[in-house]
Every structure is written in C-alpha cells, then in structure tokens.
Amino acid sequence: MAPDPLALPAIHASHVGIWIADADGRVQRVGRGEAIAAVAATPHLLLNATLTGDRLGYPELSGLDLLELFAFLYPAHFTVPTPAGIAAAIGLAPPKREDDIAAFLPQAAAAMLAAIDDPAWPEREGAWHGSQALARQRWPWAPLVQLRLTTPDANERWLFARLPEWEEVPPRAAPRQVRINADDVTARLDRLTGDGAERRPGQQDYARATAAIFEPRERKDAPQMLVAEAGTGIGKTLGYLAPAKQWIDQSAGSVCISTFTKALQRQLSRETERLYPDAATHREKVVVRKGRENYLCLLNLEDALQGGFSGRAAILAQLVARWAAYTRDGDMVGGDLPGWLPALFRRNGTTALTDRRGECIYAGCPHFRKCFIERSARAATQADIVIANHALTMVQAARPRDGGAPATRLIFDEGHHLWDAADSMFAAALTGQEAVEIRRWVLGPEGKSRGRRRGLAARLADVASYDEAGERAIQAAIAAAAELPGDGWLGRLSENDPWGAIERLLAAVRGQVYARAVDTRTADAGYGLETELADPDAALVAAAAAASDAVEALLRPLLALGKRLDALVDDPPDWLDGQARARVDGARHSLGTRVDTLGGWLSLLGRVGGPANPDFVDWLAIDRYDGREFDTGLHRHWLDPARPIADIVYRPAQGVLVTSATLRSGHGASGWTEADIRTGARHMDGGVQHFAVPSPFDYARQSEVLIVTDIARGDLPALAGAYSRLIEASGGGALGLFSAIRRLRIVHARIADRLARAGLPLYAQHVDPLDTGTLVDIFRADPHASLLGTDALRDGVDVPGESLRQVIMEGVPWPRPTILHAARRAAQGGSAYDDMVIRGRIGQAFGRLIRRADDFGQFVMLSPSFPSRLLSAFPEGTPIRRLPLDEAVNHVAAANVERRKTAFPAFSPS
C-alpha cells in the first residue's frame, strides 16, 4: 500500500506554465510572481531546483529537491531526472499530464522516504552518519530522513572504512605467440550472439578480418594493422571482441580497446559481460580506464568534508561521500555518479573533488591504498581487456607510468576521431593559463589562497632534507617560477602593466594579435582572435628572447632534480622506504610531464623571429567567451597530427585495429586514401590492410534526406521557424544540430514555449543546466521530446527506436576558417580536404538516425545550396529530395502519420 503523500507544498515549472500544490494536494496554476513569492516564503517540494529556478527566472530557488533525496537514498543508482524517470525508479505510476506533476511530487517523496523503513534497504550502512552530517549543514531533507533512521547498535563503517585496499601484484607475463583459427573465431561469435540468433554474414566477415591483427608480428615497428569500416548495424563490437577473446584465451595476453566517447566506454563495458558473465570475474578481467581528472580524489573529499566546503557545496560533498561508499570505480564523469547531481549545485564543486591540476601526492596520501585511481591503474595491468579513451591511450604510449607489460594489441573504435584526439594530445601552448598552472605546481599556495595544493618543496621535503643537490635544484626552480604569471595576470595585461618575463611576452602577443587579427565579433564561428606567427614585430621578438631565458632558468633545475630523483631510485638510501619511493616515483612522473611542457615552450619560442618548421603550424591567439578574454598566448599544432600516432602509438604494438562506421568520407580507393590520412595509417611502412562491410540496414526504405532550399543563411527568425515547424510535424523525436552556440540559444529561446504548448518538450545543451549525458537520457526516455545541441551530440549518441526519428542540421557544417585549418587545407589538397571533413561530419550526424533494423527517420538539412559533391556522405540508396520548407514540413507530417500505422514508413522516390 502506497504511503500517504507528504503534507508539504510542491511546485512544478515548465515552458508551458507553473503549478503549485498546497499541503492538502490542491493544485492551481499560478503566475511567475506569485510562484516566486510562494517559494521564497515557504520551502516547496520540487524536482531539480536548478532547472525549476531557470524556468521561474529565480536562480536563488531552494527547497526540498527530490533528486537530492534520491541521491542520498539510492547512491550509485541510475534514474532519468524527470517525473516519469523518478516514477519508474521507485515503482509509481507516472503523472499523465503536466498539471498533475505538482501533486505527484509529494506522493513520490513519501514513497522514497518509505524505503528507509524497509529492512532490506541495501544502502542503509552509512545513512545515519551521513544524515547527521547533512543535518549540521542544514540540508532541508535531514529532519524527514532522521525521523525514520534509528541510531545504529554499533559504530557504522563509514566511507573510508568501507573502501577496500588494493594490493601490489607481480607484473603480467608477455603473451605467448599464437595463431588463432578463423573457424574458432566464427564459433565464438556464434556463442556471443546467442543460440538461435540470426547469423549475420557481414558481422562474421568482419570478425574473421579483424582476427588478422592477432597474427604474430613479422618485424619490429611493423604491427599487423587493419583499417576497417563496419557500417552501422553490423555489430562491430562483438565482431572484434570474438577474435580478441579467442586470442586472449590462447595467448594469455591483454587487449586495449580505445574509444573517443564515454558513452561507448559504457557500452563496451556492458558488451564484455557476454565474455565474462560472472560479475566478479568481469570486474577482474575488464577494467575501464580514464584520465585522473575523471575520478574522485579521496583526499580532496576528506578536505571538503572537514570544512573545505561550505554552504550548498558542503551538502554536495556529503552526497558524493554517500555515493563513494557504493560506487563501482569512483568515476565521477560518465560513471555511476548521476550526471545530474553536480548540476543541482550551481557552483559546481565536483571539479574540486578530482585531481584536475596534477596535485596528487601519491604515497604521501593517507588514502593512497584505497585510491580509486591507483586501484584502476593496478587492475588494468592484470586485466584481459582494458577499455580506455584515445587521449589516455596516447598519454600511456608517450609517457608510460603504470607497471607491467603494455597491451600488445590495440583496438581503436571510433577511429574517425583519432585525428582530433591526437591534435589535442600532441599540441603545445604557451598561454597565461598554462603558465599559471606550472607556477602553482612549483610554488604551491600563495598569499591568501586556500586548499591542500602543495608546492615542490613540500612534496619533496624528505628529498631536500637528505640530498643537498636536490635541495639546491628545488630552490632554484622556486626562484625561477616566480617569473611565471600569477593571480591577476589578465587584469595586468589589460592595464598594460605586466610582471615578469612571461607576462611581458603575453602582453606583446596580445598587442600583435589586436594589431593584425581580423575582428570576429560579428562572426558566428566564435569570439576568439588569432594571427599567424609570421614576421613578428621587434617587441615580440625581444619579449620572446627574454621569455626563453626565463623558461630555461626553470627547466635547468627541474632537469637536475629529475636526475637526482633517478639516482635515488637507482641507488636507494636507507630512508627511502616503500612509501617514500612511491612518492618519489609520483614526483618523477609529474616532473617529466612539466619538463616536456617546458621543452615544447622553448621550441615554440625559438620560432619567434626564427625559421618556420614545416611539420608544425604556429599562431598567436586571444581566447574570448561572450566577448570576455580568458586566455592569451602562442600555440603550436602538428600539421599532420596523425604522424605522432604512427610513431608513438602504432609502431611499438604487435597488432592494431582502427575501426568505425564512417572511416571513409567517400567511396572506393579515394575513400581509403582519406581514411589513411585521418588515422595515420599512411605513415606506416606497408602492411596496412583495409576491409569494409556495408550496413545491413535498408536505407532506401528506412530513411530519407530532405534538403530545404528556401532558408537563407543567417536568417535566424526563419531558421527558428523551420525548426519549430519540423519538430511539430514529427511530433517530437528530433535531434537538432548547430555549429554555433549563439544560434542554438536564439533558436531555443524562440521556439521552446511554442513547442511546450503543443506537448513537445524541448531541451538544449548550453541552455538547460544539465550535463550532456543527462540530456540524452531524458531525450531517450520521452518520444515526444526533442534535443538541440552542438558537436558533442553529432557523435556517440545512441538513441534507437521512437525517441529519435528526425535529425535537423542548421546547414552545411563548414570548417571554421582558422589559421590551423587553412594550413591543413593547403597541405591536404585544398577544397578536397574541406569536403573530406564535411562529409565525415554529415556522415556521423546521419548515423544517429538509424540504429537498428526497425528504426526509421528523416535527415533534414536546412541549406539552400547544399553541394551535390557532398551527397556521397549519405549511404548509397538513401532517397534525397530538394524541396522548400512547406513541402518538407508536409512530408515529415505525412511520414509521422504513416509511422503510427506501420513499423516504419516506406519512403518511395517521388
């Protein structure tokens, strides 16, 4: 029997209206002013205070948020943060109409609190302790929770007592040299897909082809390499997992699978459960790895719980502590921490709970043996399958730190993103923000700054005490770091009053950019300014020379310190026990990273007034957001970022698979040429194989492309009207893609209320205070909802079925005309390079539409002059029509009617 609703008022606000339920459950619709007065006077029950506050225009809104209660009661559990999502999570019937939601909230709150009375409540341990701590922070839910919690008979194991310790293990042996049999691979694939499942020839061919990377390598620096395109619906994940598992079983080796998106990492983790059905075995054999900045830092959390956070941030810290006691792996970004939880706290404190600044003290930390990051790193050395991302895979190849033999077989899924990942990974930037971080790493806290950040002297105090040369190097580095920018550097630059050699360099950069750059204030592409690093003026040349001296003055003692640390490890003194050695090892790693950064700066500074390096593109930039400057400096990128992938990542491996559904932006031999450019395969000395298998989907029947011919570029009212009419015609289920945040916001502001009145919710990146993953979850859960977004939604969004039946692009996604793009365009064939980039973007966007055999959908391009040469971005056989907006809307509406009659409409050519 359901408990009685809580006798508390509740509020629900949307684009349609605002409703308040009083303590007796009576609901009335109210105006914004009346609603603000009510919630300001009395705390109300609500769902997502941040979003509700935005809808009210009252950002200070607070109350009893059901999402916060859910996070406390069900840590590490998933729910879609909507009334329907909460109802599904706790077993209630969802509200049928929007004006029922306010009355639903007291019912849901009562049902959630009733979980505390259940003797089988699995998250009881730690709840009493957590509720006491939250009560001290005046959490609104604390009195209601405490009424139902009894004092434990014995002391509860709280967070730091619950977490297990990791143990050191011996390195994993190198894999045996074996050859796997194609018939064995096919048989294993049959077992993975399930008894009685339809055999898919394309998937079987793909699995046999990918088995080639597990053949023994014939010569050094020449891995068995396959570049394979597998169309959407082939089932490429199981296609490469089948030969991978066969090789693992025969060789006792390990495989690294690298992805670009967190969504695919989660999907791969689920798919590998077929390889290891037992949950405990799966945790041992499959490890998901991400960068350090993704994981909860226990020392940061402890500091937050002990007074480092105050106000609302302190409540967030307590809720994160509840989650940390039940999480699988401590992953705060894309793991089992609800993505909506940090967004409930406008001053997002979760960034302060991770190691985003390289401040880890390793073995000096009291929680080192329970650290999520260290546990993941050690588990990965013993795992059969490591699921990493492209950036981490490249970092591990360039600067290996973890013990054990590295994986000899690499699988790069979402291989079309390797170029972009490498472009970021192997770039260099001497900017104010980067220099401030180096200064803080060396000096630690300065002035009135708070936090537990420790400088070089504090981190290596024991080394300085016992090693005179090391102490001299540390002190020299501290003196040299004073020349780096400190707090307030942006203000000093704007006032033309720089301090130190690096700030004077940045001031000279800023002056030259403003003198030479084309102002982009009226352009949609962004607000930054840039100019080529060519023919620098005398002031910049002189400033660069002085900055180079300052960087060298810092680099020299850091190199000397690195040698002293190496000597300590090679010939350890008596005081260097296990903990001290681990601390020195951590310092060596972070030191090596900074030395690499400073070396890149010197190379970049040498370019000022010197000859250009044909392998790199160098420029000066002022970064701005909404017209406000936030960084300034010099930048260097590889002209071809795929070259370091080949040299650093591919060559040491024994076998490499690069795969994706859209590796070729064209068809035939030219398509493979482009694929080899984007993946770096062209830099390998022969032996690279290619394989392609088309999608099994019937695109001629399941999809169509509509190119709207009468929406003029730059006409924002017409653009907004087109989005609104197309979404209404389809009854929702639309994914709208934009190339500029400004246009997205304008369109959303114009159409959200209108669509809401039609019963069609609209959500948007950069507008709604929710993370991208949560927005996609909401979109997936509601077939009437639509979602607007930018590049992040063009890739890696997997929404099969009814919820996604229309993709709308505002126009051809032309590359931004940056200095970097212009250089690559000139080097890679001019307009052919542009076309390759654009076809890849359109192909990825179209790929969101059809995810399974019973999907259907329409791809709408709002471009009056879509070039015919780009039509090859769409799968062969896809019907393509050019038509005005009115006809397109009628066509979408007719398809929507047909959809309701059949599994999906048949799009016949007109």
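Quick notes on the rules
- Residues numbered from 1 in each chain as written.
- Predicted model: local features only at pLDDT ≥ 70, side-chain atom pairs only at ≥ 80, totals over all residues.
- Heavy atoms only, no water.
- Helix = DSSP H or I, 4+ residues; strand = E, 2+ residues; numbered from the N terminus.
- Rg over C-alpha atoms; globule rule 2.2 N^0.38 Å.
- Buried < 20%, exposed > 50% of the residue type's maximum accessible area, 1.4 Å probe, protein only.
- Areas by Shrake-Rupley, 256 points an atom, 1.4 Å probe, with all protein chains shown as cover.
- Lys, Arg positive; Asp, Glu negative; His and termini not counted.
- Charge placed at Lys NZ, Arg CZ, Asp CG, Glu CD.
- Expected span 1.5 Å × (residues − 1).
- Bend = angle between axes of the 7 residues up to and from the residue.
- Contact = heavy atoms within 4.5 Å.
- Pairing = 2+ DSSP bridges.
- Axes fitted to C-alpha atoms, helices over the stretch in contact; angles between N-to-C directions.
- Core = buried A, V, L, I, M, F, W, Y, C linked by side-chain atoms within 4.5 Å.
- Phe/Tyr/Trp six-rings, centres within 6.5 Å; stacked < 30°, edge-to-face > 60°.
- Lys NZ or Arg CZ within 6 Å of the ring centre and 35° of its normal.
- Salt bridge = Lys/Arg side-chain N within 4 Å of Asp/Glu carboxyl O.
- Parallel < 35°, antiparallel > 145°, perpendicular 65-115°, else oblique.
- Left-handed = near helix turned anticlockwise from the far one by under 90°.
- Nonpolar A, V, L, I, M, F, W, Y, C, P; charged D, E, K, R; others polar.

Enquirer: Looking at this model, I keep getting lost on the overall build of the protein chain. Mind explaining?
Expert: Along the backbone of the protein chain there are 35 helices and 23 strands. Against the globule reference of 29 Å for 910 residues, the protein chain gives a C-alpha radius of gyration of 29 Å, in line with a compact fold. Among the 910 residues that make up the protein chain, the fraction classed as buried is 55%. Entry remark: accessible area of the protein chain is about 37700 Å², with carbon and sulfur atoms responsible for 50%. Across the protein chain, the mean location of the 104 positive side-chain charges is 1 Å away from that of the 111 negative side-chain charges.

Enquirer: Mind showing me how you'd approach helix α31 (residues 741-757) here?
Expert: Three- or four-residue spacings in an α-helix give side chains the same orientation, since the helix completes a turn every 3.6 residues. Under the 1.5 Å per step criterion, the end-to-end length of α31 is 25 Å for 17 residues, consistent within 8% with the ideal 24 Å. For α31, the principal kink sits at isoleucine 751 and spans about 40 degrees. Among the residues of α31, those classed as buried are Arg743, Leu744, Val747, His748, Ile751, Ala752, Leu755 and Ala756. Buried-residue contacts for α31 involve α30 (716-730), β19 (762-764) and β20 (786-789). Directly after α31, the chain includes glycine 759, whose backbone phi takes a positive value near 80 degrees.

Enquirer: I keep staring at the sheet that holds strand β17 (residues 703-708) and nothing clicks. Help me out?
Expert: In sheet architecture, strand pairing relies on hydrogen bonds along the backbone and comes in two forms, parallel and antiparallel. Ordered by their spatial adjacency, seven strands build an open sheet running β19-β20-β18-β21-β22-β17-β23, and the pairing between neighbours is parallel. Only two strands of the sheet have a single partner each, and these edge strands are β19 and β23 (880-883). For this sheet, the mean inter-axis angle between neighbouring strands, taken without regard to orientation, is 20 degrees. For strand β18 (residues 734-737) and β20, the ladder comprises three bridges, and the chain directions are parallel. The residue bridging glycine 736 from the neighbouring strand is leucine 788, located in β20. Helix-sheet contacts for α30 involve β18, β19, β20, β21 (806-809) and β22 (857-862), and the interaxial angle to β21 is about 175 degrees. Strand contacts of helix α32 (residues 772-781): β18, β19 and β20, with the helix running at about 155 degrees to β20, the strand carrying the most contacts.

Enquirer: What should I look at first to understand the nonpolar core in this one?
Expert: Within soluble globular proteins, side chains that are nonpolar generally end up buried alongside one another. By size, the foremost hydrophobic cluster in this structure holds 104 residues, and its most contacted members are Trp139, Trp141, Leu296, Leu301 and Phe859. Considering every element that reaches this core, the biggest residue donor is helix α5 (residues 101-114), with ten residues. Not counting the four nearest positions on each side in its chain, tryptophan 139 is found in contact with Glu68, Leu69, Phe72, Leu134, Val145, Ile315 and Leu319. Counting 58 residues, the second largest nonpolar core, distinct from the first, contains Ala501, Ala507, Ala543 and Leu634.

Enquirer: Is there a simple way to think about the environment of arginine 678 in this case?
Expert: Summarising the element assignment, arginine 678 is placed in helix α28 (residues 669-679). A relative accessible area of 14% places arginine 678 in the buried class. With 457 residues separating them along the chain, arginine 678 and aspartate 221 place their C-alpha atoms 20 Å apart. Apart from the residues lying within four places of it in its own chain, the contact partners of arginine 678 are Leu418, Trp419, Asp420, Ala642, Tyr833, Met836 and Val837.

Enquirer: When you look at unusual backbone geometry in this model, what are you seeing that I'm missing?
Expert: Comment: phi is negative for the bulk of residues other than glycine, and the bulk of peptide bonds are trans. In this model, aspartate 535 sits at a positive phi of 50 degrees, which is unusual for a non-glycine residue. With respect to the helices and strands, the residue aspartate 535 is situated in the loop between β12 (529-532) and α25 (538-570). Positive phi values are uncommon outside glycine, yet histidine 766 reaches one of about 65 degrees. By relative accessible area, histidine 766 is classed as partly exposed at 36%.

Enquirer: Is there a simple way to think about the packing of aromatic side chains in this case?
Expert: To describe a pair of aromatic rings, one takes the distance between the centres and the angle between the planes. Under the defined criterion, the tally for this structure stands at 15 aromatic pairs. Plain terms: the ring middles of phenylalanine 616 and tryptophan 638 are 4.7 Å apart, the flat faces sit at 55 degrees to each other, and that makes the pair tilted. Taken together, the positions of phenylalanine 616 in strand β13 (residues 616-625) and tryptophan 638 in strand β14 (residues 628-638) put the pair 22 residues apart, joining distant regions of the chain. Their ring planes at 80 degrees and their centres at 6.2 Å tell us that phenylalanine 697 and tyrosine 699 sit as a pair that is edge-to-face. The class for phenylalanine 697 is buried, based on a relative accessible area of 11%. Chaining the aromatic ring pairs together yields one cluster made of Phe697, Tyr699, Phe846, Phe859, Phe866 and Phe874. The ring of tyrosine 326 carries arginine 162 above its face, with NZ or CZ at 4.3 Å from the centroid. Lying across the ring of tryptophan 499, arginine 492 places its NZ or CZ 3.9 Å from the centre.

Enquirer: Could you clarify how one ought to interpret the pattern of salt bridges in this entry?
Expert: Pairing is possible between side chains of opposite charge, provided their charged atoms come close. All told, the structure shown has 46 salt bridges when counted by the stated rule. The shortest N-O distance in the salt bridge between aspartate 768 and arginine 55 comes to 3.6 Å. With aspartate 768 in the loop between β19 and α32 and arginine 55 in helix α2 (residues 49-56), the pair connects residues that are 713 residues apart, well separated along the chain. By the burial criterion, aspartate 768 is buried, and arginine 55 matches it. Between arginine 754 and glutamate 728 there is a salt bridge, and its shortest N-O distance comes to 2.8 Å. Note that arginine 754 is positioned in helix α31 and glutamate 728 in helix α30, a separation of 26 residues in sequence. Classification of arginine 754 as partly exposed rests on a relative accessible area of 37%. Judged by relative accessible area, glutamate 728 falls into the partly exposed class, the value being 30%. Each member of the salt-bridge network shares a partner with another, and the members are Asp22, Asp24 and Arg26.

Enquirer: How should I be thinking about the sheet that holds strand β11 (residues 428-431) in this particular structure?
Expert: Strands sit in the order β11-β14-β13-β12 across an open sheet of four strands; the sheet is antiparallel. Either end of the sheet is taken by a strand with one partner, and the two such strands are β11 and β12. The mean inter-strand angle of the sheet, taken between neighbouring strand axes irrespective of direction, is 20 degrees. By the bridge criterion, four bridges tie β11 to β14 in an arrangement that is antiparallel. Looking across to β14, one finds that alanine 428 is bridged to arginine 636. Strands β11 and β14 of the sheet are contacted by helix α19 (residues 432-443), whose axis makes an angle of about 85 degrees with β11.

Enquirer: For this particular structure, what's the right way to read the packing of helix α14 (residues 298-308) against helix α15 (residues 312-324)?
Expert: The description of two helices packed together rests on the angle between their axes and the distance between the axes. Running from N to C, α14 and α15 point in directions that differ by 135 degrees, and their axes come no closer than 9 Å. Here α15 runs oblique to α14, going by the angle between their axes. Pair α14 / α15 crosses with left-handed handedness. Contacts between α14 and α15 involve Leu301, Ala304 and Leu305 on the former and, on the latter, Ala317, Gln318, Val320, Ala321 and Ala324. Partitioned by chemical class, the residues of the contact of α14 with α15 number seven nonpolar, one polar and no charged.

Enquirer: I would appreciate a short explanation of the environment of histidine 282 in the present structure.
Expert: Following the sequence through the fold, histidine 282 ends up in helix α13 (residues 279-285). Overall, histidine 282 belongs to the buried group, its relative accessible area being 3%. For the pair histidine 282 and aspartate 571, spaced 289 residues apart in sequence, the C-alpha to C-alpha distance is 40 Å. The contacts of histidine 282, once residues within four sequence positions are left out, are Ser269, Thr272, Glu273, Tyr276 and Arg328.

Enquirer: What's the story with the pairing of β23 in this structure? I'm lost.
Expert: Note on strand geometry: in a regular strand, side chains alternate between the two faces of the sheet. Of the two faces of β23, the one holding Arg881 and Leu883 is buried and the one holding Ile880 and Arg882 is not buried anywhere. Both β17 and β23 contribute to a ladder of four bridges, which runs parallel. The partner of leucine 706 across the bridge, within β23, is arginine 881.

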